[in-house]
Amino acid sequence: MATQYGVQLAVHLISSHFGSLVAKVCDCLLRKGTLTLANIIRFTELPPQQVKSCILVLIQHNCVQAYAMQQEVGFGEAPRVITQYTALFYNILHRMRFAKFLAIVSEELDKECEEILEGLLQHGRLTLEQILDRAKSNQSGEPVVQDVLRESFIKLVRARFVERCPAPEPFLAPQSKEETPARKRGAKSAKQVEGPQTIEQRAIAAAAPMDAKRFSVIMNTGTDVDDSPNVAVGEKRKQDALELDKESGASCEKDILWCANFEEFVRHLRHKACIANVKTRLDDGAAIVLSAMLEATRNEETKVKIENSVPLSMDTIFEGVMKSEAGRSMTLERVRSSLIQLGCAPGVRGAAESYSVDLKNIIELVQNDEVESIILKRYGKDAYRIFRLLSKSYRLLETDKISDTTFVEKKDTAKILYQLWKDEYLQMEKLNLHAGRQSQFQLWKVTKDTLWGHVVNEMYHSALNLSQRVAYELEQEQEIIQLPREKRVGALGSRFERLRKVRILLESSLMKLDDAIMVFNDF
């Protein structure tokens, strides 16, 4: 959700990475919404060539999506096609998470894959040839064979950490008034009623390539073919066709742009948050079972925010559990009891029973924990008990009822409730009664949809402050940073050590805060 402080944080990230001019164009798109080039120039009051350059930088780094659409001009005149530009708010925020993305690849794949991904994160979009050239130029020590680098790249694509870039400027056909949003028909989709897509959502969907193309790599090395004289005529024709395919594949490969697949990294982090919550709330066994289920179905998830995990049979779950070292000590009965802990009621999939976990419920528990932690730290234990009661009641409660249930003095209860309402954590309604004498009651409740937006905006504000403080500290000590290591002695050495500790503290705090932001925004 692009709130006031969310926009400021996004603009600060763009400014620190690409400078003030690019940030000005980005700020214009985030605040004004989707615009044409002419309107961007008008609102920013920058020269046309500078605006074009800034937009190209933002597109290169996956922060802006362009799309074409038909615009009606006037009666009797033919409609014209115009290009619109929309800022990708969440992609901009992902720039804070590059270190997390690199850590995932380092843990799951290898160093060569991590270096390839680092190049894509640094440059936004690259062809395979550019990726391999950069990887070779950055090698220190013994050079790595190109085939090894290519294999590392293929590993990234197979793991879906890297994808083909979306179409640069998809065309959106005009929708008729009778046309309804396209929905997949089926039992699952029938349960979910989604509202009509915005033009921006349609543009992003139209730009995204199909999965079969999105994660496919054209190999220009071909396949080993027997070229001996005894080869049959038909086989020889196949060889000639393969040679032509190799030549066309090599030319196509040079034109294909690749980028990091943020969606897959967010899915990994969502799974990690669910497993961590289950481990803390339940036990290690339940966490191992959930981890095995999510790992087995990761590529079958159609979107990041799925409500329930993909159903699996008991045999498949048990097989996945046995793959981990910690899971090998678990018996089948232990796995069954862990599924019961996770709230998995067996369903029927084909001829066998299947099990699915309610991931949406787990994420909601994580969100509740985050907000309750804020209340506890900011307002104390009494406020924590009061807020927890209201968040679980899902209805309006009167002050006396809250005081009696939480064992907090009525005077203190009223004071705490008023403070939480003033800070927009609660909603208050007044009820006037006219039985005998007029009296007024104050009723309180937690409205989570509204509260979550308020909490995220506060988190954006805190993240912005931390980011600005890091930038300020680095700017103040620029001379110390540029000094050679041997000259950082005495007072200069103490200043550098202080900067190092302050930076570690601020950046680690920012990473933890970003974890909380992702719980509400991305999970």
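Here goes a summary of the coordinates provided. The model shown is predicted, which means the values in this text are computed figures rather than measured ones.

**Topic: the environment of Gly 347**
Note that Gly 347 resides in strand E9 (residues 347-349). Distance in space between the C-alpha atoms of Gly 347 and Leu 312 is 9.5 Å, their sequence separation being 35 residues. Those residues in contact with Gly 347 that lie beyond four places of it in its chain are Ala 352, Glu 353 and Ser 354.

**Points about the nonpolar core**
Ranked by size, the top nonpolar core spans 124 residues in total, and within it Leu 30, Val 289, Leu 290, Ile 317, Leu 339 and Leu 390 carry the most contacts. With 10 residues, helix H22 (residues 448-476) is the single largest residue contributor to this core. Ignoring sequence-local partners within four residues, the contact set of Val 289 consists of Ile 317, Val 321, Met 330, Val 335, Ser 338, Leu 339 and Leu 342.

**Topic: the sheet that holds strand E2 (residues 64-71)**
Taken together, the 4 strands give an open sheet; going across it, the order is E1-E3-E2-E6, and neighbouring strands pair in mixed fashion. Only two strands of the sheet have a single partner each, and these edge strands are strand E1 (35-36) and strand E6 (171-172). Alignment of E2 against strand E3 (residues 80-87), held across 8 bridges, turns out to be antiparallel. Residue pairing across strands places Ala 68 opposite Thr 83, the latter belonging to E3.

**Thoughts on helix H1 (residues 4-18)**
With 15 residues, H1 extends 21 Å between its outermost C-alpha atoms, agreeing within 8% with the 21 Å of an ideal straight helix rising 1.5 Å per residue. Taken together, the buried positions of H1 are occupied by Gly 6, Val 7, Leu 9, Ala 10, Val 11, His 12, Leu 13 and Ile 14. The secondary structure elements touched by the buried residues of H1 are helix H2 (20-32), helix H4 (48-60), helix H5 (89-93) and H22. Where H1 terminates, the next one or two residues include Gly 19, which has phi positive at roughly 100°.

**Structural notes on the packing of helix H8 (residues 128-137) against helix H9 (residues 146-158)**
H9 packs onto H8 with a crossing angle of 120° between their chain directions and a minimal axis gap of 10 Å. Overall, the two elements H8 and H9 adopt an arrangement that is oblique. Judged by the twist between their axes, the crossing of H8 over H9 is right-handed. Within the contact between the two elements, H8 uses Leu 128, Ile 131, Leu 132, Ala 135 and Lys 136 and H9 uses Gln 146, Leu 149, Arg 150 and Phe 153. By residue class, the composition of the contact of H8 with H9 is 6 nonpolar, 1 polar and 2 charged.

**Some words on the sheet that holds strand E7 (residues 257-260)**
Here 3 strands make up an open sheet; going across it, the order is E4-E7-E5 and the pairing antiparallel. Strands with a single pairing partner mark the edges of an open sheet, and in this sheet they are strand E4 (126-127) and strand E5 (162-164). Sheet analysis places E4 next to E7, joined by 2 bridges and oriented antiparallel. Residue pairing in the sheet places Leu 126 in a bridge with Trp 258 of E7.

**Topic: the pattern of salt bridges**
Applying the stated rule across the entire model yields 28 salt bridges. Where Glu 263 meets Arg 214, a salt bridge forms, and the shortest distance between an N and an O atom there is 4.0 Å. Here the residue Glu 263 occupies a position in helix H14 (residues 262-281), and Arg 214 occupies one in helix H12 (residues 211-214), the gap between them amounting to 49 residues. Through salt bridges with shared partners, one network takes in Glu 108, Glu 163, Arg 214, Glu 263, Glu 264, Arg 267, Glu 295, Arg 298 and Glu 301.

What counts, and at which threshold
All residue numbers refer to positions counted from 1 along the written sequence of the respective chain. Under the rules for a predicted model, residues below a pLDDT of 70 receive no local features and side-chain atom pairs below 80 are neither given nor counted, while totals for whole chains, interfaces and linings still include all residues. Excluding hydrogens and water, the side-chain figures rest on all heavy atoms present in the structure. The helix count covers DSSP runs of H or I at least four residues long, the strand count covers runs of E at least two residues long, and both are numbered beginning at the N terminus. Note on contacts: a residue pair is in contact if any heavy atoms of the two residues lie within 4.5 Å. Only buried Ala, Val, Leu, Ile, Met, Phe, Trp, Tyr and Cys residues count toward a nonpolar core, and they belong to the same one when joined by side-chain atoms within 4.5 Å. Three labels apply to residues, based on accessible area from a 1.4 Å probe with only protein chains included: buried if under 20% of the type maximum, exposed if over 50%, partly exposed otherwise in between. Between any two strands, pairing holds if DSSP finds at least two bridges. Expected helix span is computed as 1.5 Å times (number of residues minus one). Orientation is described by axes fitted as lines to C-alpha atoms, over the contacting stretch for helices, and by angles from 0 to 180 degrees between their N-to-C directions. Should an angle lie under 35 degrees it is considered roughly parallel, over 145 roughly antiparallel, and from 65 to 115 roughly perpendicular; all remaining angles are considered oblique. Two helices cross in a left-handed way if the nearer one is turned anticlockwise from the farther one by less than a right angle. They cross in a right-handed way if the turn is clockwise. Just so you know the grouping, Ala, Val, Leu, Ile, Met, Phe, Trp, Tyr, Cys and Pro go in nonpolar, Asp, Glu, Lys and Arg go in charged, and all remaining residues, Gly too, go in polar. What counts as a salt bridge is simple: a side-chain nitrogen of Lys or Arg found within 4 Å of a carboxyl oxygen of Asp or Glu.

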